Amino acid sequence: MSPKLPQQDKESAPPIFLFSHSSHTKIAYRTRLISVLDVIRFLLKQGLAFREYDESSDSLSRGNFLELLQRDCEHNEKIAKVLNINALGNYQMTAPSFQKEIVNACAEEVRTNIIKDIGDRVFTLMVDESRDNSVKEQMATMVRYVDDHGEILERLRGQVYDGASNMRGEFNGLKALILNENAHARYVHCFSHQFQLVVVAVAKTLSIVENSFSYLSIILNTVGASYKRKNALRQSQHDHMVTQLANGEIFSGRGLHQETSLARPGDTRWGSHYHTVMRILTMWPSVMKVLGNVHDDAVGSKDRGANLGLLDRMENFEFVFTLHLMKKVLAITNGLSQVLQEKNQNILNALDMIHVMKVKFQSFREDGWNNLFDEVCKFCVENSIDVPNLEDSLPICGRSKRESQSITYFHRCRVEIVFEVIEVIVHEMNSRFSEGNNELLSCISCLDPRQSFSRFNALKLRRLAEFYLEDFSAFDLTMLSNQLDIYIYDVRQRADFVELVGIGQLAKKLVKTEKYLIYPLIYRLIELALVLPVATASVKRAFSAMNIIKTDLRSKMGDEFLSDSLSCYIEKTIFLKIDNEPILQRFQAMQTRRMQLPRIDEN
């Protein structure tokens, strides 16, 4: 029989055993947590789904998260010792709720870094909404600010659910809510979106344009109604291009004459209509051939009649003329819209481009007729479409022939179509982009360094400061006047400042030469001017990213999980620079956990 241990030894043994076990468990906990975090980091960076429908142990496709974790176990013995069968049942760390908590910790660290980078600088909010894959309204919020180097940055601050958003409402809209908190906030409507509204106004005001786009939509739906018709269109276009190459009408070369298809226009992005018009004019013979085949194969008289109507419409000179006119109009508006969506764009450049656009439309109105008509005639000849004599008469639209009221084709095409389209565009442009009526933008223009700071006006810049009374005290306004006199004399004497072409370059030059320290109040004005957004392009990119994150297979994603995933995916430049440790500490502090996270030096 074994001798009994003394009572003292029996009581002292358990504490030594428990301490040793606890230390080992905590180290295993950290290793397991880091392994899971590394997998989540990879999935967030790539915008990949975490889970699959069947995550059981005998499933061949358990989802990206479990499959990557299993792969790490197979290639890393240290990880294998603390995961799967080597981990307690309640410490597997693979539950969906656990994954979402770590994702949230990652997203919060990204947002915290953005907030720290902004600090006490001025910034603007850019807000827009769109429907996600599950047809739910989502609202994205971006911040725009100037960093320590004078660079303009736009960051995703968050993404939230918004069931019935009204951005500009005077009483309950987001604009009103922000103004209630800060009366000095300035509302700027996205310039790019306003250009879209200009084109929308043309389509809604002029029946000839609206009618043409309606028929265009029907043609696209008819030709693209089935894969058989799409393949027939593609093959027809291929055969047509081969014939043109053989006849020397077009020439081959790298990147030329790529296989293409009809582009379907977006509901809200009218810039997409430009690509639609371009494609259908380019593929006109092929579209006509497919419509002819559809007519021949139609079973009922109703379908044959509908397709015959489309063929008649495409061989109508007025329809062709309107499409060519809108191609030129959309080329101007869409080109400028794309430029305005650049991140580094500022208000002054936008205003200058708007002025150029107005001049361009006026020039087209006065001198563009001959080129337009020649282009339409050439197209009609190539596609066997009758061109009317411009001196011939035709009844006035909307009038009965019995009234004997007529006009010439020249008057119809040039006055009632071309002039009307240009007049509506110019009117909408003047209405939506009126520089003279916007005192704020007029004052900002005085900061422009071009032509040796020719727009400089000290009184207007002082007035600009008065728009932001929370940023400029009465003492600051007095000091500003003194700084402006010295500043303009200083910069006009330096060749490296006189050569600048925008306030964005001016801000960077002031930082580089450290003159922003000499003229802090003027630099503050420049920051306020730079943060005013021209376009919500970054917000649109956030919605594009949303379509990558929330797909058909992930249509049930919760709003918080979607927001966190987007923050990490869009701001991956920041996310990749964040160490594991702050994420782990934030995760650990989210709630009381049974297992303590050991310090790094305990490993």
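## Focus on the overall build of the chain
Tallying secondary structure elements over the chain gives 26 helices and five strands in all. In the chain, which comprises 603 residues, the proportion classed as buried is 45%. Across the chain, contacts joining residues at least 24 apart in sequence account for 68% of those joining residues at least 6 apart. For the chain, the accessible surface area stands at approximately 32600 Å², while carbon and sulfur atoms represent 51% of it.

## Structural notes on the pairing of strand β2 (residues 137-146)
The side chains of a regular strand alternate, first on one face of the sheet and then on the other. Along β2, nine of the ten residues are buried, which leaves the element largely enclosed by surrounding structure. Bridging between strand β1 (residues 123-131) and β2 involves nine bridges; their strand directions are antiparallel. Bridge pairing in β2 places E129 opposite M139. Between β1 and the antiparallel strand that follows it, β2, lie five residues; V135 among them carries a positive phi value of about 60 degrees.

## Re the packing of helix α21 (residues 503-512) against helix α22 (residues 520-531)
α22 packs onto α21 with a crossing angle of 140 degrees between their chain directions and a minimal axis gap of 10 Å. Between α21 and α22 the crossing geometry is left-handed. In this structure, α21 uses I503, G504, L506, A507, L510 and V511 to contact α22, whose residues at the interface are Y523, I526, A529 and L530. Within the contact of α21 with α22, the residues separate by chemical class into nine nonpolar, one polar and no charged.

## A word on the packing of helix α7 (residues 207-223) against helix α9 (residues 272-282)
At a minimum axis separation of 12 Å, α7 and α9 run at an interaxial angle of 65 degrees. Between α7 and α9, the interaxial angle falls into the category roughly perpendicular. Judged by the sense of rotation from one axis to the other, the crossing of α7 with α9 is left-handed. Along the contact surface, α7 presents F213, L216, I219 and L220, while α9 presents H273, T276, V277 and I280. Partitioning the contact of α7 with α9 into residue classes produces six nonpolar, two polar and no charged.

## A word on the packing of aromatic side chains
Across all of its chains, the model carries 14 aromatic pairs by this definition. Ring centres 5.2 Å apart and planes at 85 degrees place the aromatic pair W284 and F379 in the edge-to-face group. Here F379 lies in helix α14 (residues 369-382) and W284 lies in helix α10 (residues 284-297), a separation of 95 residues in the sequence. Judged by its relative accessible area of 9%, F379 falls in the buried class. An aromatic cluster is built from F317, F321, W369, F373 and F410, whose rings are joined through pairwise contacts. Here the basic side chain of R41 rests over the ring of F575, its NZ or CZ set 5.0 Å away from the ring centre.

## Quick notes on the environment of C190
With respect to the element layout, C190 can be found in the loop between α5 (174-181) and α6 (191-205). Taking the C-alpha atoms as reference points, C190 and P533, 343 residues apart in sequence, are found 7.3 Å from one another.

## Things to note about a nonpolar patch on the surface
Together, F123, L125 and I178 make up a nonpolar patch on the protein surface, roughly 250 Å² of accessible area in all. On the secondary structure map, I178 appears in helix α5. A relative accessible area of 31% means that I178 is categorised as partly exposed.

## Digging into the pattern of salt bridges
Within this structure, the stated rule accounts for 24 salt bridges. With a closest N to O distance of 2.7 Å, E109 and R586 form a salt bridge. Separated by 477 residues along the polypeptide, E109 in helix α4 (residues 96-118) and R586 in helix α26 (residues 580-589) bring together distant segments of the chain. Through salt bridges with shared partners, a single ionic network connects E108, R111 and D564.

## Concerning α22
In this model, α22 (twelve residues) spans 16 Å end to end at C-alpha, consistent with the 16 Å of a helix rising 1.5 Å per residue. Among all positions of α22, only L521, I522, Y523, L525, I526, E527, L528, A529, L530 and V531 are buried.

## Examining unusual backbone geometry
One can expect most non-glycine residues to show negative phi and most peptide bonds to be in trans. Positive phi, close to 60 degrees, is recorded for V135, a residue that is not glycine. Here V135 falls in the exposed class, since its relative accessible area comes to 57%. The phi dihedral of E514 is positive, around 60 degrees, even though this residue is not glycine. One can find E514 in the loop between α21 and α22.

## Thoughts on the side chain of E527
Examined against the element boundaries, E527 turns out to sit in helix α22. Nearest to the buried, unbridged E527 among oppositely charged side chains is R121, at 4.7 Å. With residues up to four places along the chain from it excluded, the contact list for E527 reads R121, V122 and V146.

## Section: the nonpolar core
Counting residues in hydrophobic clusters, the biggest one holds 109 residues, and the most contacted among them are W284 and L464. When sequence neighbours within four positions are dropped, the list of residues in contact with L464 reads L440, C443, I444, L447 and L525.

## Structural notes on the environment of E375
Note that E375 resides in helix α14. By relative accessible area, E375 is classed as partly exposed at 25%. Separated by 51 residues in sequence, E375 and H324 have C-alpha atoms that sit 8.1 Å apart. Ignoring sequence-local partners within four residues, the contact set of E375 consists of H324, K327 and K328. There is a polar contact of 2.5 Å between the side chain of E375 and the side chain of K327.

## With respect to the confidence of the model for the chain
Per-residue confidence for the chain averages 81 on the pLDDT scale, and 83% of its residues sit at or above 70. The low-confidence segment residues 1-21 (pLDDT under 50) makes zero contacts with residues lying over four places distant or belonging to another chain. Within the model, pLDDT remains below 50 along residues 161-165, and this stretch shows ten contacts once partners closer than five positions in the same chain are excluded.

## Observations concerning the environment of L553
Looking at the element boundaries, L553 is found in the loop between α23 (537-549) and α24 (559-570). Among the residues examined, L553 registers a relative accessible area of 69% and is labelled exposed. The spatial distance from the C-alpha of L553 to the C-alpha of A49 is 8.5 Å, given a sequence separation of 504 residues.

## Some details on the side chain of D476
Here D476 is to be found in helix α19 (residues 474-492). By relative accessible area, which is 17% here, D476 ends up buried. Every residue in contact with D476, bar those within four places of it in the chain, is listed here: D471, L521 and R524.

Conventions and cut-offs
Residues numbered from 1 in each chain as written. Predicted model: local features only at pLDDT ≥ 70, side-chain atom pairs only at ≥ 80, totals over all residues. Heavy atoms only, no water. Helix = DSSP H or I, 4+ residues; strand = E, 2+ residues; numbered from the N terminus. Buried < 20%, exposed > 50% of the residue type's maximum accessible area, 1.4 Å probe, protein only. Contact = heavy atoms within 4.5 Å. Areas by Shrake-Rupley, 256 points an atom, 1.4 Å probe, with all protein chains shown as cover. Pairing = 2+ DSSP bridges. Axes fitted to C-alpha atoms, helices over the stretch in contact; angles between N-to-C directions. Left-handed = near helix turned anticlockwise from the far one by under 90°. Nonpolar A, V, L, I, M, F, W, Y, C, P; charged D, E, K, R; others polar. Parallel < 35°, antiparallel > 145°, perpendicular 65-115°, else oblique. Phe/Tyr/Trp six-rings, centres within 6.5 Å; stacked < 30°, edge-to-face > 60°. Lys NZ or Arg CZ within 6 Å of the ring centre and 35° of its normal. Patch = residues over 30% accessible without salt bridge, like charges linked within 9 Å, V, L, I, M, F, W, Y side chains within 5 Å. Salt bridge = Lys/Arg side-chain N within 4 Å of Asp/Glu carboxyl O. Expected span 1.5 Å × (residues − 1). Lys, Arg positive; Asp, Glu negative; His and termini not counted. Core = buried A, V, L, I, M, F, W, Y, C linked by side-chain atoms within 4.5 Å. Polar contact = N/O pair within 3.5 Å; in protein donor to acceptor, adjacent residues only side chain to side chain. pLDDT = per-residue confidence, 0-100.

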